Amino acid sequence: MNSKIRTQLFGGILFAIVLSFGMGFYIGNGGISFRSTQASEDVDMAPFWKTWNILNEKFVSASTTKQISNEEKVYGAISGMVSSLGDPYTVFFTPEEKEKFDESIEGTFEGVGMEVGIRDKVLTVVAPLKNSPAEKAGIESGDIIVKIDEKDSLNMKVEEAVSLIRGAKGTMVTLTILKKDAEKPLEIKVMRDKIIVPTIETEIINTTFVIRLYSFGATSESEFKAAIEQYQKSGKKRLIIDLRGNPGGYLDSAVDIASWFLPAGKTIVTEDFGSNITPKIFRSKGYNVFDLDRNKMVILIDEGSASASEILAGALQEHGVAKLVGTKSFGKGSVQELIDITKDTALKVTIARWLTPNGKSISAGGLTPDYEVQFDADRFKKHNEDLQLQKALELLK
């Protein structure tokens, strides 16, 4: 891994395909040994070493004769220190976990096609990809994953969950899912397949042009440019951008797409590193083809809208370009850096948070829509009625 590479993705949420598309981190090299270093403040380490010595002298496992090595105890101590921060996206990787993590960002597009994250300390589906095996199996945004095959997900790291869910095309994974308002979980069997990540679809509904953006991938910028050109040629003055179920992706794509609607220099998102480092502000490139005096826009969001989706929607909402319709977004707005601790261990640590133009932390509860409208799945299945889309169309009349 190259210390100079920055992936410009979003931290901590991983696609349950083999490629971890929405993670987001910097790549770095730490080269740090386990020897004592100068602490930033005086800390009494005597309790730690006393515990270490007692365990070495007295501990006997009641269930196994296998000896725990000093190295494994050090890994456990580091993991405990990291977990004390209470951030599910700051994780220490043991050699085995680091190997799986490396595979997850270098792998192939095979799996079930959904993104998972931690919400309220439980493993949660952010969004299934459109037409993916997960979506076809009935998995929805907000579903809680109770088990993966026979393994309980309680206190499971996102990276571990992804490694268990992904797999070769043609193999099966059983997910025990607790759906919203359900009293009991249910088992859903999903056949893994080759995953094609969708990007954009367009549609004209009466006097309104609709752009459905499913991800912020490598081709999103060029495909969105083509969609905007279609919108301009259509002569329509009403635009809906549908970000429901869009779990995010590349930061550059979010900034580029927002630039179609904002004058040059307007703040799109701020990367806040805390009190000791100057924040980095990402500003509009000023494509600015959207004339607010002659055009109106609504953006659709839901709890499957995360990361890049929240950056785009938050910027356009706060600059007065678009109204938001739907339900509160997922609330994922942090950046992780991956630092090698030894040659075969690493620390993925949250180093920054994303702030909207008005300074709101995206991770602090997500975005609140201007018009809250629940999606009625039964009405959609029976009558093809999309209440959120209907509300957007009504506002644009």
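Position labels on residues start from 1 in each chain and follow its written sequence. Per-residue local features are limited, in this predicted model, to residues with pLDDT of at least 70; the limit for side-chain atom pairs, both in listing and counting, is 80 or more; totals at the level of whole chains, interfaces and linings are taken over all residues. Hydrogens are left out, water is left out, and the side-chain values use all remaining heavy atoms of the structure.

A word on the overall build of the protein chain
Each helix is a run of DSSP H or I of at least 4 residues and each strand a run of E of at least 2, with the numbering of both proceeding from the N terminus. Regarding its fold elements, the protein chain presents 10 helices and 21 strands. Three exposure classes are used, based on accessible area relative to the maximum for each residue type with a 1.4 Å probe and protein chains only: buried under 20%, partly exposed in between, and exposed over 50%. Sorting the 397 residues of the protein chain into buried and exposed places 48% on the buried side. Look at the contacts in the protein chain between residues 6 or more apart in sequence, and 68% of them connect residues 24 or more apart. For every accessible area listed, the method is Shrake-Rupley and the probe measures 1.4 Å; residues are considered covered only by the protein chains on display. Carbon and sulfur atoms form 51% of the exposed surface of the protein chain, whose accessible area is close to 19,800 Å². Residue contacts are counted whenever heavy atoms from the two residues lie within 4.5 Å of one another.

Some thoughts on the sheet that holds strand β21 (residues 371-372)
By definition, two strands form a pair when at least two bridges between them are found by DSSP. Pairing is mixed in the open sheet, where six strands are placed in the order β12-β13-β14-β17-β18-β21. The sheet is open, and its two edges are formed by β12 (200-205) and β21, each paired on a single side. As judged from the five bridges shared by strand β13 (residues 208-213) and strand β14 (residues 238-242), these two strands associate in the parallel manner. Bridge pairing in β14 links isoleucine 211 to isoleucine 241. To obtain an axis, a line is fitted to C-alpha atoms, over the contacting stretch when the element is a helix, and the angle between two such axes runs from 0 to 180 degrees between their N-to-C directions. Strands β17 (296-301) and β18 (323-326) of the sheet are contacted by helix α8 (residues 308-318), whose axis makes an angle of about 140 degrees with β17.

Remarks on unusual backbone geometry
With a phi close to 50 degrees, aspartate 120 is a non-glycine residue in the positive phi region. The exposure class assigned to aspartate 120 is exposed, which follows from its relative accessible area of 71%. Positive phi, normally seen in glycine, also occurs at asparagine 288, with a value near 45 degrees. Tracing the chain through its elements places asparagine 288 in the loop between β16 (280-283) and β17.

Let's talk about the pattern of salt bridges
By convention in these notes, a salt bridge is any Lys or Arg side-chain nitrogen within 4 Å of a carboxyl oxygen on Asp or Glu. Counted according to the given criterion, the structure contains 18 salt bridges. For the salt bridge of arginine 119 with glutamate 303, the shortest nitrogen-to-oxygen distance reads 3.1 Å. Of this pair, arginine 119 sits in strand β5 (residues 114-119) while glutamate 303 sits in the loop between β17 and α8, and the two are 184 residues apart along the sequence. Note on glutamate 303: relative accessible area 15%, which makes it buried. A salt bridge links arginine 244 to aspartate 386, with the nearest nitrogen and oxygen atoms 2.9 Å apart. Of the two residues, arginine 244 sits in the loop between β14 and α7 (251-258) while aspartate 386 sits in the loop between α9 (377-383) and α10 (387-395), which places them 142 residues apart along the sequence. Here arginine 244 matches aspartate 386 in class, with each residue buried. Through salt bridges that share partners, Glu203, Arg212, Asp242, Arg244 and Asp386 make up one connected network.

Description of α8
Within α8, 10 of the 11 residues are buried, leaving the element largely enclosed by the surrounding structure. The complete set of buried residues in α8 reads Ala308, Ser309, Glu310, Ile311, Leu312, Ala313, Gly314, Ala315, Leu316 and Gln317. Tucked inside the fold, the buried residues of α8 contact α7, β15 (267-272), β17, β18 and β20 (345-355). Looking one or two places after α8, you find glycine 320, whose phi comes out positive at around 75 degrees.

Some thoughts on the packing of α7 against α8
Orientation of α7 relative to α8, taken along the N-to-C sense of each, is 25 degrees, at an axis distance of 9 Å. For the element pair α7 / α8, the angle class is roughly parallel. Where α7 crosses over α8, the handedness of that crossing is right-handed. Where α7 abuts α8, its residues Leu251, Ala254, Ile257 and Ala258 lie against Ala308, Ile311, Leu312 and Leu316. Of the residues belonging to the contact of α7 with α8, the class tally is eight nonpolar, no polar and no charged. For classification purposes, an angle smaller than 35 degrees is called roughly parallel, one larger than 145 roughly antiparallel, one from 65 to 115 roughly perpendicular, and anything else oblique. It is the rotation of the near helix from the far one that decides the hand of a crossing: anticlockwise by less than a right angle makes it left-handed, clockwise makes it right-handed. Amino acids are sorted into nonpolar (Ala, Val, Leu, Ile, Met, Phe, Trp, Tyr, Cys and Pro), charged (Asp, Glu, Lys and Arg) and polar (every other residue, Gly among them).

Looking at the layout of surface pockets
Using a grid of 1 Å spacing that covers the protein atoms alone, one calls a set of points a cavity when a 1.4 Å probe fits there but cannot get out, and a pocket when the set is open and has protein on both sides within 12 Å along at least five of seven lines; lining residues are those with an atom within 4 Å of a point. Grid points are joined across faces, edges and corners, and a volume is the space filled by probe spheres set on the points. In this structure, the largest pocket spans a volume of roughly 1,400 Å³. Lining the largest pocket are 41 residues, and of these Glu140, Ser141, Arg244, Asp302 and Phe375 sit closest to its centre. Those elements that place two or more of their residues in the lining of the largest pocket are β6 (122-128), β13, α9 and α10. Broken down by element, the lining of the largest pocket gets its largest block of residues, three residues, from α9.

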